[in-house]
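# Structural description and commentary
Chain by chain, the residues:
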Amino acid sequence: MSQAPGPQNAGIASGVTPPDLSYLATIDVDVDAPITIGTTVDGLRKVVPIRGGRVAGPGLRGEVLDAGADFQQYPSETVAYLAADYVLKTDDGHHILVENRALRTGSSNDLNKLMNGEQVDPVRIYFRCVPRLSADQSGPYAWLSDVLFIGSGVRSPNGVRIDIFQVH
């Protein structure tokens, strides 16, 4: 009996192996209060300064530097597009640039609570991202530029937690 085509069987039917994921690290980012730009042609715009934090996991350990921001766009009451650019400093002294693009969706009530600094149950928010990691090509983290990463995030009143996975 053959199985119906679908997302779980697409790789098998086409002969392409679906990607696997491995956990790289968790980034805990500390943020300041949002700077509201206002409602623009692209919707409500905010900039959230990134003030520090930690990165810890089997593939990466260090700190988030006070260097960067999360540029937020709210085209509707239920959708947020996020573009966060910041710098990590590894425990062994190397710098890694993070350019993270994300989608956060939820009910208008829940997103309003997040925007007002209130806690919302993470199960109620869809928060996925594609972080691009770049490091000096002569250093030990050069390999980060050669692979794709995806992540899942949670927004709290004072920060963001992102679990990063390498796509194989």
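Residues numbered from 1 in each chain as written. Predicted model: local features only at pLDDT ≥ 70, side-chain atom pairs only at ≥ 80, totals over all residues. Heavy atoms only, no water.

Moving on: the overall build of the protein. For the protein, the helix and strand inventory stands at two helices and nine strands. The order of α-helices and β-strands along the protein, N terminus first, is α-β-β-β-β-β-β-α-β-β-β. Counting only C-alpha atoms, the protein reaches 55 × 45 × 30 Å along its principal axes. Sequence-distant contacts, at least 24 apart, represent 50% of the contacts inside the protein between residues at least 6 apart. Accessible surface, the protein: about 9,400 Å² in total, of which carbon and sulfur atoms supply 54%. Side chains of the protein give 14 positive and 19 negative charges; the mean places of these two sets differ by 4 Å. (Helix = DSSP H or I, 4+ residues; strand = E, 2+ residues; numbered from the N terminus. Contact = heavy atoms within 4.5 Å. Areas by Shrake-Rupley, 256 points an atom, 1.4 Å probe, with all protein chains shown as cover. Lys, Arg positive; Asp, Glu negative; His and termini not counted. Charge placed at Lys NZ, Arg CZ, Asp CG, Glu CD.)

As a further point, take the pattern of salt bridges. Evaluated as defined, the whole model comprises eight salt bridges. A salt bridge links R132 to E99; the shortest N-O distance between them is 3.2 Å. Residue R132 is found in strand β7 (residues 126-135), and its partner E99 is found in strand β6 (residues 95-105); the two are separated by 33 residues along the sequence. Residue classification places R132 among the exposed residues on the basis of a relative accessible area of 53%. Classification of E99 as partly exposed rests on a relative accessible area of 22%. (Salt bridge = Lys/Arg side-chain N within 4 Å of Asp/Glu carboxyl O. Buried < 20%, exposed > 50% of the residue type's maximum accessible area, 1.4 Å probe, protein only.)

Moving on to the packing of aromatic side chains. Counted under the stated rule, the structure contains two aromatic pairs. Cation over ring: R104 sits above F127, and NZ or CZ is 5.4 Å from the ring centre. (Phe/Tyr/Trp six-rings, centres within 6.5 Å; stacked < 30°, edge-to-face > 60°. Lys NZ or Arg CZ within 6 Å of the ring centre and 35° of its normal.)

This next bit is on the pairing of strand β1 (residues 21-31). Note: β1 against strand β9 (residues 159-167), nine bridges, orientation antiparallel. For I27, the partnering residue across the bridge sits in β9 and is I162. Note: β1 against strand β3 (residues 43-56), six bridges, orientation antiparallel. Across the sheet, residue I27 finds its bridge partner in β3, namely V55. (Pairing = 2+ DSSP bridges.)

Let's shift gears to the environment of V29. By secondary structure assignment, the location of V29 is in strand β1. Sequence-distant contacts of V29, that is, excluding residues within four places in its chain, are made with I50, G52, V64, Y86, N158, G159 and V160.

Function-wise, these values are silent; they only describe arrangement.
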